[in-house]
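# Chains, contacts and geometry: an overview
Spelled out, the chains give:
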Amino acid sequence: MRQTFSLLSKRTLFLPTIIVAISMSCNNPQVDTTKQTTIDSVAANIKMYSHVWDEIINNRKLEMFNDSNFTQNVVMHASPSDVVGIDSARAYYANYLTGFSGITFTVKDVFGMDNKLVKHWNFKGTHTGVFFGIPATNKKVDIDGVTLVRMENGRIAEEKDFLDNLEFMQQLGLIPM
């Protein structure tokens, strides 16, 4: 019995020490403001980024390509060559708006760390106009993709889209299934 009492006493003394240590760490007024600033910055980037692309694609507002939303030398990585600059990016994405009607662009998920974001998206529309030189096929497309993004001072600086181009061309009726 003596040994059990001794063990209980140690536990009883140890438990308040843990509670005090936890309490001190939780009530510490020295919060890491750097982490909070980074979290706030990422949240602001996500909000801005999602809003800009919703306006550009769903509301057909190409005027959102401006120096408030994009860096002057924004880079849209594309093949066969990158699209560089606000005016070039606007002209590039105008192909989607003139090539497709009934567009629905959905951001399924977006998350980030530091100045980088990842967006999972879905694009739906009917190919009723010229799209990068491809005459209208009147085919419906429904394609998912992912975009890697680099932000700079709250503006979009760089993007790289990834999608299944074979599936996209098959949906357009340009390549057999």
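Notes on the structure follow. (Residues numbered from 1 in each chain as written. Predicted model: local features only at pLDDT ≥ 70, side-chain atom pairs only at ≥ 80, totals over all residues. Heavy atoms only, no water.)

As a further point, take unusual backbone geometry. Along the chain, Ser79 connects to Pro80 via a cis peptide bond; the corresponding omega equals 15 degrees. Looking at the element boundaries, Pro80 is found in the loop between strand S1 (70-77) and strand S2 (83-84). Positive phi is not limited to glycine here, since Phe132 has a value of about 50 degrees. (Helix = DSSP H or I, 4+ residues; strand = E, 2+ residues; numbered from the N terminus.)

In this section: the nonpolar core. With 36 residues, the main nonpolar core has Trp53, Phe65, Phe70, Met76, Phe123 and Ile156 as its most contacted residues. Secondary structure elements with two or more residues in this core: helix H2 (33-58), S1, helix H3 (86-99), strand S3 (100-113), strand S4 (116-127) and strand S5 (140-152). The element best represented in this core is H2, accounting for 8 residues. Leave out the neighbours within four places in its chain, and Phe70 touches Val52, Trp53, Ile56, Met64, Phe65, Met76, Ile86, Arg155 and Ile156. (Core = buried A, V, L, I, M, F, W, Y, C linked by side-chain atoms within 4.5 Å. Buried < 20%, exposed > 50% of the residue type's maximum accessible area, 1.4 Å probe, protein only. Contact = heavy atoms within 4.5 Å.)

In this section: H3. Look at H3: 20 Å from first C-alpha to last across 14 residues, which is about the 20 Å you get at 1.5 Å a residue. Among the residues of H3, Ile86, Ala89, Tyr93, Asn95, Tyr96, Leu97 and Gly99 are the ones counted as buried. (Expected span 1.5 Å × (residues − 1).)

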